[in-house]
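Single-letter residue listing:
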Amino acid sequence: MTTTTAPRRRPGHEAGAPLLAPVHPLDLPPLLERFCADFGLGVGDVALTPMSSTLVPILPDGPRGTGVNVDSAWHPLLWLPPRLTTRIATYDVDGNVTVEDDETWVVRVLLDVTLSGVYDDDGWVDMIAAAGFDLDVEPDRQRVANWLAGSADDDLDSIDFHHLFGDIDDSANIAVETVEELRKQGRSLSAEALAGTIDDHATAPVSADLVRGIAAVAALALDDRTGWSEAMQIVAASGPGDLIAPDETLASIRGDLNRFVDA
């Protein structure tokens with residue numbers, strides 16, 4: 001368990017929900033947008049899953065030189081130790097390797113920061129404060145900003161937060177045991193919500209923009225490893241003249257959602 005007198009913070013996009021809980025699918029796009037804006041990261045630099053209330057930055061070498069906003073430099077997810085940034089690889093009896101996917105990795109990271117006390121009901125440990133700096137003091141803020149941009153700084157170069165994260169040996173096993181149940185809950189919630197949205201438009205003319213919007217959310221929330229979410233990405237990215245029969249496409253998506261609800 002983390003023991004530090006450093007203050008805790010909560011980012012503006014976060015409402016204080018449990019880290020591991022299914023998220024309404026229509027909340028995923030704005031969550032992604034706000035998270036990336038808060039942190040100064042691109043969508044390719046974060047892992048998004050409908051089973052958690054926060055995203056996790058994919059920064060194996062830390063925040064320096066990544067364009068991270070200095071105002072978010074305090075956040076522990078930017079300072080994960082190597083055992084959490086490294087994806088776990090497992091081998092079966094035939095020697096085939098399976099590398100931890102985004103969902104399992106996110107669950108492991110969020111379990112770890114919760115079990116170690118880096119995150120609790122009061123928010124996240126301010127890592128910059130734990131290192132002896134204060135982002136609300138301009139000289140410290142500028143110093144951290146310069147370091148993030150690549151300037152040398154012996155004190156910031158020597159930061160080591162391993163002791164704050166602890167060493168939760170069981171987090172990997174717990175993540176594997178937890179992720180499937182969270183996936184099931186998250187997919188069911190997402191499918192029910194999307195089905196309800198489609199049903200709400202049952203008596204109105206179906207526009208191509210509505211279909212693209214539904215498909216975009218479905219692609220984010222319902223990756224079932226069968227290629228269905230990739231098909232939804234294609235629909236979401238379709239051009240003005242590509243959806244010849246949007247009503248039929250929407251009806252097809254509505255039918256597909258039933259298997260996620262019933263799974």
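All of the points below concern the structure found in this document.

Criteria and thresholds
Residues numbered from 1 in each chain as written. Predicted model: local features only at pLDDT ≥ 70, side-chain atom pairs only at ≥ 80, totals over all residues. Heavy atoms only, no water. Helix = DSSP H or I, 4+ residues; strand = E, 2+ residues; numbered from the N terminus. Buried < 20%, exposed > 50% of the residue type's maximum accessible area, 1.4 Å probe, protein only. Contact = heavy atoms within 4.5 Å. Lys, Arg positive; Asp, Glu negative; His and termini not counted. Charge placed at Lys NZ, Arg CZ, Asp CG, Glu CD. Expected span 1.5 Å × (residues − 1). Arc of directions from axis to C-beta. Core = buried A, V, L, I, M, F, W, Y, C linked by side-chain atoms within 4.5 Å. Phe/Tyr/Trp six-rings, centres within 6.5 Å; stacked < 30°, edge-to-face > 60°. Lys NZ or Arg CZ within 6 Å of the ring centre and 35° of its normal. Pairing = 2+ DSSP bridges. Salt bridge = Lys/Arg side-chain N within 4 Å of Asp/Glu carboxyl O. Axes fitted to C-alpha atoms, helices over the stretch in contact; angles between N-to-C directions. Left-handed = near helix turned anticlockwise from the far one by under 90°. Nonpolar A, V, L, I, M, F, W, Y, C, P; charged D, E, K, R; others polar.

For the protein, the helix and strand inventory stands at 11 helices and 7 strands. Dimensions of the protein, computed from C-alpha atoms along their principal axes, come out at roughly 60 × 50 × 35 Å. For the protein, with 263 residues in total, the buried portion stands at 44%. A sequence separation of at least 24 residues applies to 72% of the contacts in the protein between residues at least 6 apart. In the protein, 17 positive and 45 negative side-chain charges are present, and the distance between their average locations comes to 1 Å.

On to helix α1 (residues 28-39). Look at α1: 16 Å from first C-alpha to last across 12 residues, which is about the 16 Å you get at 1.5 Å a residue. If you check which residues of α1 are buried, you get Leu28, Leu31, Leu32, Phe35, Cys36 and Phe39. Across the axial projection of α1, the buried residues extend over an arc of 125°, all falling on one side. More than 90 degrees from the buried face of α1, the exposed residues found are Glu33 and Ala37.

In this section: the environment of Ala175. Among the secondary structure elements, Ala175 is positioned in helix α8 (residues 171-200). For Ala175, the contacting residues outside a window of four places in its chain are Thr104, Val107, Arg108 and Leu111.

By size, the foremost hydrophobic cluster in this structure holds 67 residues, and its most contacted members are Val113, Trp124, Ile253 and Leu257. With 9 residues, the top contributor of residues to this core is helix α9 (residues 208-221). In terms of nonpolar packing, the next biggest core, distinct from the first, is built from 6 residues, Met51, Val107, Ala175 and Val179 among them.

Moving on, we come to the packing of aromatic side chains. Considering all chains together, one arrives at 4 aromatic pairs under this definition. Taking 4.3 Å as the distance between ring centres and 20° as the angle between the ring planes, the aromatic pair formed by Phe35 and Phe39 counts as stacked. You can see Phe35 and its partner Phe39 sitting in helix α1, 4 residues apart, about one turn around the helix. Each member of the pair, Phe35 together with Phe39, is buried. The side chain of Arg87 reaches across the aromatic face of Trp105, ending 4.2 Å from its centre.

Further remarks concern α9. In a regular helix each residue adds 1.5 Å, so 14 residues correspond to 20 Å; α9 covers 20 Å between its end C-alpha atoms and thus fits that length. By the burial criterion, the buried members of α9 are Ala208, Leu210, Val211, Arg212, Ile214, Ala215, Val217, Ala218, Ala219 and Ala221.

Right, let's get into the sheet that holds strand β6 (residues 119-120). Read across the sheet, 3 strands follow the order β1-β7-β6 without closing on themselves; strand pairing throughout is antiparallel. At either margin of the open sheet sits one strand with a lone partner, and together these are β1 (8-9) and β6. As judged from the 2 bridges shared by β6 and strand β7 (residues 123-125), these two strands associate in the antiparallel manner. Opposite Tyr119, over in β7, you have Trp124 as the bridge partner.

The next thing to look at is the pattern of salt bridges. This structure, assessed with the given rule, holds 12 salt bridges. Put simply, Asp155 and Arg143 hold a salt bridge, and the shortest N to O gap is 2.7 Å. Of this pair, Asp155 sits in helix α6 (residues 154-157) while Arg143 sits in helix α5 (residues 138-148), and the two are 12 residues apart along the sequence. The class for Asp155 is partly exposed, based on a relative accessible area of 44%. The network of salt bridges with shared partners includes Arg9, Asp126 and Asp136.

Right, let's get into the packing of α9 against helix α10 (residues 228-236). As a packed pair, α9 and α10 sit with axes 8 Å apart at the nearest point and diverge in direction by 150°. Crossing geometry of α9 relative to α10 is assigned as left-handed. Residue-level contacts link Val211, Arg212, Ala215, Ala216, Ala218 and Ala219 of α9 to Trp228, Ser229, Met232, Gln233, Val235 and Ala236 of α10. Considering only residue class, the contact of α9 with α10 consists of 9 nonpolar, 2 polar and 1 charged.

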